[in-house]
Amino acid sequence: MVATEATFEGLAIGGKRVAASDGRTAPTTDPATGEIIAQVAQANAADVDLAVKTAHATYSAGRWHDMHTRERGQILQRIANLIRERVGFLAQIESRDGGKPISAARGEIGAVANTFEYYAGAVNKIHGQTIPVNANGTHMTFREPLGVCALIIPWNFPLVITGWKVAPALAMGNTVVVKPASATPLSALALADLAIEAGLPEGVLNVITGSGSVAGNALALHPLVRKISFTGSTEVGTGVMKQAADGIKRVSLELGGKSANIVFADARIDQCVESSLWAVYDNAGQDCCSRSRILVERPIYDEFVEKFVNRTKTMKVGLPTSESTEMGPLITASHRESVVNYIHIGDEEGAKRLCGGEIPNGDLAKGNFLTPAVYSNVTSNMRIMQEEVFGPVVGIMPFDGEAEAIRFANDSPYGLSGSLWTRDIGRALRVARAVETGMLSINSSSSVHIEAPFGGMKQSGIGREQGMVALEHYSELKSVFIAND
Ligand code: NAD
């Protein structure tokens, strides 16, 4: 099947498209217009069973992990190349299905190609150790694949996160069953087509579409699954961890966040305002790393707020098809309702809404749009400062001194990401070490690099994706001793 003619009909199992066994489908819609894009198969437990058994049989036959490393790496590299070749096509899918501005979607697809390329190069660099033990012989370790990995994906960065899981899982020699979010199923199906075109053996990469409560649940509970890699909300992730307990499945979780952006008075304020804006409004705020709590040192608080609000008012909220759009719609009408509910909560808690939080009319009335909202007069215990709103809503709060900044930053059940802005290098490192977060950027809003570990502390998750460390989460360490005589 050729990816430029990708069909979204059917589950991708064993290199073929198959309908759900009970024939059920559900529409996936364009969040900007409400139009139906495609009817998508809804897998039930029997379909999930077929997908997992197919992945298991493929693994057991050794058709992937027994392949020589160079050949495996070359197939992953061909997937990267095809993604780059089809960037326009894949970006359109991602933009329509997820409501992303087309320019942002193109950037994401480029990042997916980079991910496959990185792990293509990793395949023949995974090795064990020889250990000088107190015995007459040699002790060595091997990194072994696990078998079938269940990869459960959220809707906010569908193909990016699929790549973060599929590429290292395959580099390690596993076979996989991917479960995309029900709101954004299309790009994972397109990837399945493209992987076959790149020469990946059938049955190595399978995709089941459908609801979390039926398809996701059946996948997480399947006895032949050896590892679950989940990205999504802390609430669902908690349940997945319990599901993994049966059968002692390996589990890694990338969950919610409520990251702090700490701005000291010596920061370069204009650069910081522009960067902080994208750190919260990128993907319409539907970003686990969104730095939606901005803490600003008191001497520059008023200036920062004024500049941030002025720039927020110029954010171009619009149709994702326009090259100049800076912010698209929220993913679904019900998700927008939940974000609007937080706007009401913020207003009622006594925070001062300085702009935004409105539903636009005109061209945008059919989509799930919302203008970005900025609050001042917030306190750390308010719900809009504690809970993951997952929309374009930000609170800006003053602090006095380093110790208070750290205390406010750590006053959260989450610990995923964050930033700090200062020109004092000693303070930068002291604060970076003290903030309880898995990732942090200094004088920058970007902490996502495919070569470096990504993941959270506290209720933001367990385990790390990206970098060589991700390979550890898709493998077991085997210890072998061989006697000299
Ligand atoms: P979600 O938890 O609702 O769903 C995530 C996935 O789990 C979907 O594929 C869904 O169908 C599936 N699912 C739902 N119920 C299930 C069940 N009972 N068993 C198995 N699977 C089930 O999350 P979402 O709304 O798609 O995404 C938004 C959330 O994801 C936010 O909380 C965000 O912070 C988080 N997220 C975290 C990261 C990270 O790396 N830490 C990255 C992106 C998104």
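Residues numbered from 1 in each chain as written. Predicted model: local features only at pLDDT ≥ 70, side-chain atom pairs only at ≥ 80, totals over all residues. Heavy atoms only, no water.

On to the packing of helix α3 (residues 87-98) against helix α6 (residues 186-197), then. At a minimum axis separation of 9 Å, α3 and α6 run at an interaxial angle of 160 degrees. In terms of their interaxial angle, α3 and α6 are classed as roughly antiparallel. The element α3 and its partner α6 pack so that their crossing is right-handed. Of the residues in α6, those in contact with Leu90, Ile93, Glu94 and Asp97 of α3 are Leu186, Ser187, Ala190 and Leu194. (Axes fitted to C-alpha atoms, helices over the stretch in contact; angles between N-to-C directions. Helix = DSSP H or I, 4+ residues; strand = E, 2+ residues; numbered from the N terminus. Parallel < 35°, antiparallel > 145°, perpendicular 65-115°, else oblique. Left-handed = near helix turned anticlockwise from the far one by under 90°. Contact = heavy atoms within 4.5 Å.)

On to the pairing of strand β11 (residues 250-254), then. Note: strand β10 (residues 225-231) against β11, five bridges, orientation parallel. Residue pairing across strands places Lys227 opposite Arg250, the latter belonging to β11. For the crossover that starts at β10, traverses helix α8 (residues 234-245) and ends in the parallel β11, the hand is right-handed. The sheet contact formed by β11 and strand β21 (residues 461-462) spans two bridges and is antiparallel. If you follow Glu254 over to β21, its bridge partner there is Gly461. (Pairing = 2+ DSSP bridges. Right-handed = clockwise from strand over helix to strand, strands pointing away.)

When the terminal C-alpha atoms of α6 are compared, their 17 Å separation across 12 residues agrees well with the 16 Å that a helix rising 1.5 Å per residue should span. For α6, the buried fraction is high: 10 of the 12 residues fall into the buried class. Looking one or two residues beyond α6, the residue adopting positive phi is Gly199, at roughly 105 degrees. (Expected span 1.5 Å × (residues − 1). Buried < 20%, exposed > 50% of the residue type's maximum accessible area, 1.4 Å probe, protein only.)

Per-residue confidence for the protein chain gives a mean pLDDT of 97; residues scoring 70 or more make up 99%. Across residues 1-5, confidence stays below pLDDT 50; counting only partners more than four residues off in sequence or on other chains, it has 12 contacts. (pLDDT = per-residue confidence, 0-100.)

A few words now on the pattern of salt bridges. Throughout the structure, instances matching the rule amount to 24 salt bridges. Across the pair Arg311 and Glu326 runs a salt bridge whose closest N-O atoms are separated by 3.2 Å. Note that Arg311 is positioned in helix α10 (residues 301-313) and Glu326 in the loop between α10 and α11 (333-349), a separation of 15 residues in sequence. Residue Arg311 is classed as buried on the basis of its relative accessible area of 18%. Owing to a relative accessible area of 21%, Glu326 belongs among the partly exposed residues under this scheme. Connected through salt bridges with shared partners, the residues Asp30, Glu35 and Arg96 form a single ionic network. (Salt bridge = Lys/Arg side-chain N within 4 Å of Asp/Glu carboxyl O.)

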